[in-house]
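# Topology and contacts: notes
The residues making up each chain are set out below.
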Amino acid sequence: MVRHLMAYPLVFSVGLLTGTGLMMDVSYKDHAPILESHSAYEIEQPAHSGPFKTKKEFVSTLKPLAEKLSDEIGVDERIIIAQSAIETGWGSKVKGNSFFGIKSHGKPSISFITHEVINGKTIKIWDSFRSYGSLQESVEDYGKFLQNNPRYRYFLAAKTVDEQIKALGKSGYATDPNYAKKIKGIVNGPTLKRLGGYT
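Below or above, wherever it landed, is the structure these notes cover. (Residues numbered from 1 in each chain as written. Predicted model: local features only at pLDDT ≥ 70, side-chain atom pairs only at ≥ 80, totals over all residues. Heavy atoms only, no water.)

Okay, the packing of helix H1 (residues 55-73) against helix H2 (residues 77-88) next. Contact geometry for H1 and H2: axes closest at 8 Å, N-to-C directions at 135°. Considering the angle they form, H1 stands oblique to H2. Two packed elements cross with a definite hand, and for H1 against H2 that hand is right-handed. When H1 is examined against H2, the residues Phe58, Leu62, Lys63, Ala66, Glu67, Leu69 and Ser70 are found in contact with a partner set consisting of Glu77, Ile80, Ile81, Ser84, Ala85 and Thr88. Residue composition of the contact of H1 with H2, grouped by class: 7 nonpolar, 3 polar and 3 charged. (Axes fitted to C-alpha atoms, helices over the stretch in contact; angles between N-to-C directions. Helix = DSSP H or I, 4+ residues; strand = E, 2+ residues; numbered from the N terminus. Parallel < 35°, antiparallel > 145°, perpendicular 65-115°, else oblique. Left-handed = near helix turned anticlockwise from the far one by under 90°. Contact = heavy atoms within 4.5 Å. Nonpolar A, V, L, I, M, F, W, Y, C, P; charged D, E, K, R; others polar.)

As structure tokens, then:
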């Protein structure tokens, strides 16, 4: 939809305060669409915030973004989709567009209960995760996060899918000791193959 600036005044809403340490459990689906300015026009860019209603919707929406990131950093797109599937329950439990469960580390964040494996036991804890304006922003930041952290150098350097999964499991991305096994199960499983058109 194209709107002329002279005909429609802009209204901005501030959704996040930075530097305050304040973390809020908010839903972005109620926010106004993202607007990109092009000269004297505005083009509305819809952003899916989740949760996704079906696995098919989740995979079909994430796949083109995963393909693009795969071309940029060399990680198999199926692993990217599998990670997000694990972190969000196939897109059914998404908050703040946190599609990859990256801890906030001072970035704009959202807090919610998560499961971590500590001393061999799975426990529930309240933690803060990076939040985004859209799924695309989440995917792009995930790629930057991997590239900016030395612990993922072996993951990014691995060539085959099996080598990448093994390196990811050893990288410490998740506290779950079975994380790599779960990733491999999704990558080679019938659900992703069917929904993503993989053979």
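Moving on from the coordinates now.
Time to look at the packing of H2 against helix H6 (residues 179-187). The contact between H2 and H6 brings their axes to 9 Å, and the two run at 115°. In the packing of H2 onto H6, the handedness of the crossing is right-handed. Listed contacts from H6 to Arg78, Ile79, Ala82, Gln83, Ala85, Ile86 and Glu87 of H2 are Tyr179, Lys182, Ile183, Ile186 and Val187. Residues that form the contact of H2 with H6 fall into these classes: 8 nonpolar, 1 polar and 3 charged.

By the criterion of burial, strand E4 (residues 109-118) is predominantly enclosed, with 7 of the 10 residues buried. The pairing of E4 with strand E5 (residues 121-130) spans 10 bridges and is antiparallel. Across the sheet, Ile118 pairs through a bridge with Lys121, a residue of E5. What sits between the antiparallel neighbours E4 and E5 is a turn of 2 residues, in which Asn119 has the positive phi angle 55°. (Buried < 20%, exposed > 50% of the residue type's maximum accessible area, 1.4 Å probe, protein only. Pairing = 2+ DSSP bridges.)

A complete count under the given rule lists 4 salt bridges for this structure. For the salt bridge of Glu72 with Lys68, the shortest nitrogen-to-oxygen distance reads 2.7 Å. Of the two residues, Glu72 and Lys68 both sit in helix H1, 4 residues apart, roughly one turn of that helix. (Salt bridge = Lys/Arg side-chain N within 4 Å of Asp/Glu carboxyl O.)

As a further point, take the packing of aromatic side chains. One pass over the structure, following the stated rule, counts 9 aromatic pairs. Ring geometry for Phe145 against Tyr173: centres 6.4 Å apart, planes inclined by 80°, an arrangement best described as edge-to-face. Residue Phe145 is found in helix H3 (residues 135-148), and its partner Tyr173 is found in the loop between helix H5 (161-171) and H6; the two are separated by 28 residues along the sequence. Note on accessibility: Phe145 and Tyr173 belong to one class, buried. Through a chain of ring-to-ring contacts, the aromatic side chains of Phe100, Tyr142, Phe145, Tyr152, Tyr173 and Tyr179 assemble into a single cluster. (Phe/Tyr/Trp six-rings, centres within 6.5 Å; stacked < 30°, edge-to-face > 60°.)

For Trp90, which is not glycine, the phi dihedral falls at a positive 60°. Mapped onto the elements of the fold, Trp90 is located in the loop between H2 and E4. With a relative accessible area of 14%, Trp90 lands in the buried category. In this model, His105 sits at a positive phi of 50°, which is unusual for a non-glycine residue.

As for its position among the elements, Ser171 is in helix H5. Expressed as a C-alpha distance, the spacing of Ser171 and Tyr154, which sit 17 residues apart in the sequence, is 8.0 Å. Apart from the residues lying within four places of it in its own chain, the contact partners of Ser171 are Arg151 and Tyr152. At a separation of 3.3 Å, a polar atom in the side chain of Ser171 contacts the main-chain amide nitrogen of Tyr173. (Polar contact = N/O pair within 3.5 Å; in protein donor to acceptor, adjacent residues only side chain to side chain.)

This next bit is on the nonpolar core. Note on soluble globular proteins: their nonpolar side chains tend to be buried together. With 39 residues, the main nonpolar core has Phe58, Ile79, Tyr142, Phe155 and Tyr173 as its most contacted residues. In terms of residue count, H1 provides more of this core than any other element does, 6 residues in total. Setting aside residues no more than four positions away along its own chain, Phe58 makes contact with Phe52, Ile81, Ser84, Ala85, Thr88, Trp90, Gly91 and Phe99. (Core = buried A, V, L, I, M, F, W, Y, C linked by side-chain atoms within 4.5 Å.)

The subject of this paragraph is the environment of Pro177. Along the polypeptide, Pro177 turns up in the loop between H5 and H6. Judged by relative accessible area, which is 64%, Pro177 ranks as exposed.

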